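Each chain is listed here by its residues.
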Amino acid sequence: MLTGVRPIKLFRKIVGESGEAEAERRFLNEYFVSRGRFELARLTEQNERRILSLSRPESFSLYVGIPFCPSRCSYCSFVMSSVERAKKLIEPYTDLLCKEIKATAKIANGLGLRLESVYFGGGTPTTLSAEQLRRVLGSVNESFDMSTCREFTVEAGRPDTIDEEKLYALKENKADRISINPQTLSDSVLSAIGRKHTSEQFFKAFETARRCGFGNINTDLIAGLPTDTVEGFKHSLHTVTDELGAECVTVHTLCMKRAANLTTEGKTFNKDEALAARAMQDYARKKPYYLYRQTRMVGNLENVGWAKRGFESLYNVYVMDETHTILACGSGGVTKLKNPETDYLTRIFNFKYPYEYIDRFDELLNRKAQISRFYGTNAVDYSID
């Protein structure tokens with residue numbers, strides 16, 4: 001029933017208005033949430049409180065999108081371009097992204113906004129070269145007031161895009177948290193979902209990241225992947241937590257998006273497969289710090305982030321709670337402006353596709369004036385010399 005709803009935000013709202021007992025009653029009796037899922041929501045909300053308390057009325061976070069990947073996974077529906085098809089777009093996209101970052105920073109600095117966290121997502125940001133990563137991350141560091149920034153995350157994502165030079169480029173530019181995402185450590189399952197890397201490449205990338213000095217690494221796993229088993233999922237989870245000591249693990253549930261290859265090719269999931277996905281999610285429970293749901297998730301489950309204390313992703317909590325403004329740069333980015341007094345939200349959409357982003361960049365920059373108008377000031381001159 002709560003599909004499409006942020007359950008933790010709803011839980012917090014009810015608790016604030018009527019107390020935890022009323023939240024429990026409504027979740028169990030009106031929304032028909034199981035006792036186990038209610039306890040998951042309750043614990044997640046408790047663990048989020050410290051992170052939410054860090055945000056101020058003038059706070060914001062920055063999202064930077066890199067819409068390129070080595071290839072498209074069979075379950076993926078994100079707007080992205082494979083490197084083979086879009087190689088000629090990467091360099092002009094990088095140049096313009098640096099300009100958009102500088103323009104956005106000029107507005108944020110002029111408004112006196114306080115940067116809390118930075119998140120580079122995609123696609124796969126590490127499809128860029130080391131030199132391109134230095135330019136883009138350098139633009140963030142040079143343009144924004146980084147003295148208040150508590151967290152700088154880069155989704156290194158696909159292990160086959162990671163090497164020592166790129167990792168040092170991230171480290172040199174203040175990235176202190178990265179994601180290296182195997183999704184599964186079964187090579188046969190990786191092949192079945194169209195991932196072009198092996199589990200061995202993941203181990204090598206993880207070890208290289210440790211050697212380069214990264215002490216906060218997230219890994220993503222997916223429950224319910226085609227051909228995976230409960231035992232296979234348990235093996236993947238134990239390996240990344242017990243053997244590698246990953247500080248964060250995000251356990252996604254396979255989501256059958258309409259545009260994903262799995263869906264268009266006619267893949268469906270039966271009851272046994274849904275129950276297996278549920279067993280995988282249930283097994284993963286340790287310390288949840290954020291949770292969200294999407295439509296078309298196998299077994300009607302959820303995505304849950306787990307972390308060692310002190311290593312939770314601030315950005316993940318802020319974006320799912322809609323705590324404060326998110327300023328977004330890059331194609332597919334959505335700026336979410338939040339009024340801290342009324343909780344009113346409005347959105348500014350960037351163009352979805354890289355070629356649109358490049359061809360209509362001036363129009364995209366003009367939309368940035370909406371940020372200043374939202375905060376009740378005169379439009380800032382965001383032109384770039």
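The structure we're discussing is the one just above.
Residues numbered from 1 in each chain as written. Predicted model: local features only at pLDDT ≥ 70, side-chain atom pairs only at ≥ 80, totals over all residues. Heavy atoms only, no water.

Let's shift gears to empty space enclosed by the protein. Overall, the coordinates contain 1 cavity of 30 Å³ or more when judged by the stated rule. For the largest cavity, the calculated volume is near 40 Å³. For the largest cavity, the full set of lining residues is Arg6, Ile8, Lys9, Arg12, Glu48, Leu291, Met320 and Asp321. Of all the elements in the fold, those that place two or more residues in the lining of the largest cavity are helix 1 (7-18) and helix 12 (314-321). The greatest single-element share of the lining of the largest cavity, amounting to 3 residues, is contributed by helix 1. A class-by-class count of the residues in the lining of the largest cavity yields 3 nonpolar, no polar and 5 charged. (1 Å grid on protein atoms, 1.4 Å probe; cavity = no way out; pocket = protein on both sides within 12 Å on 5 of 7 lines; lining within 4 Å. Points joined across faces, edges and corners; volume = space filled by probe spheres on them. Helix = DSSP H or I, 4+ residues; strand = E, 2+ residues; numbered from the N terminus. Nonpolar A, V, L, I, M, F, W, Y, C, P; charged D, E, K, R; others polar.)

Attention now moves to the packing of aromatic side chains. For the coordinates displayed, the defined rule picks out 17 aromatic pairs. An aromatic cluster is built from Phe11, Phe27, Tyr31 and Phe38, whose rings are joined through pairwise contacts. Seen from the ring of phenylalanine 214, lysine 171 lies directly overhead, with NZ or CZ sitting 4.9 Å from the centre. In this structure, arginine 367 is placed above the aromatic ring of phenylalanine 351, and the distance from its NZ or CZ to the ring centre is 4.4 Å. (Phe/Tyr/Trp six-rings, centres within 6.5 Å; stacked < 30°, edge-to-face > 60°. Lys NZ or Arg CZ within 6 Å of the ring centre and 35° of its normal.)

What follows is about the pattern of salt bridges. In total, this model carries 33 salt bridges according to the counting rule given. Here arginine 25 ties to glutamate 22 by a salt bridge, and the two come within 2.8 Å at their closest N and O atoms. Of the two residues, arginine 25 and glutamate 22 are both situated in helix 2 (residues 20-30); the distance of 3 residues between them amounts to about one turn of the helix. Overall, arginine 25 belongs to the partly exposed group, its relative accessible area being 35%. (Salt bridge = Lys/Arg side-chain N within 4 Å of Asp/Glu carboxyl O. Buried < 20%, exposed > 50% of the residue type's maximum accessible area, 1.4 Å probe, protein only.)

With that out of the way, let us pick up the layout of surface pockets. Of the volumes computed, that of the second largest pocket is approximately 320 Å³. Lining of the second largest pocket is provided by 18 residues; of these, Val33, Arg37, Arg293, Asn300 and Glu302 occupy positions nearest its centre. Listing elements by their share of the lining of the second largest pocket, those giving two or more residues are helix 1 and helix 3 (35-52). At 3 residues, the largest contribution of residues to the lining of the second largest pocket is made by helix 3.

If you look at the biggest cluster of nonpolar residues, it comprises 84 residues, and the most contacted ones within it are Phe27, Phe120 and Phe144. Looking at this core element by element, the count peaks at 13 residues for helix 4 (residues 83-111). Residue contacts for phenylalanine 144: discarding those within four places in its chain leaves Phe60, Leu62, Ile101, Thr104, Ala105, Ala108, Asn109 and Leu115. Core analysis: the next-biggest nonpolar cluster, separate from the first, contains 17 residues, Tyr119, Tyr290, Ala307 and Val317 among them. (Core = buried A, V, L, I, M, F, W, Y, C linked by side-chain atoms within 4.5 Å. Contact = heavy atoms within 4.5 Å.)

Right, let's get into the side chain of asparagine 141. Checked against the element boundaries, asparagine 141 lands in helix 5 (residues 130-143). For asparagine 141, a relative accessible area of 17% gives the class buried. There is a polar contact of 2.8 Å between the side chain of asparagine 141 and the backbone oxygen of asparagine 173. Sequence-distant contacts of asparagine 141, that is, excluding residues within four places in its chain, are made with Met146, Phe152, Asn173 and Lys174. (Polar contact = N/O pair within 3.5 Å; in protein donor to acceptor, adjacent residues only side chain to side chain.)

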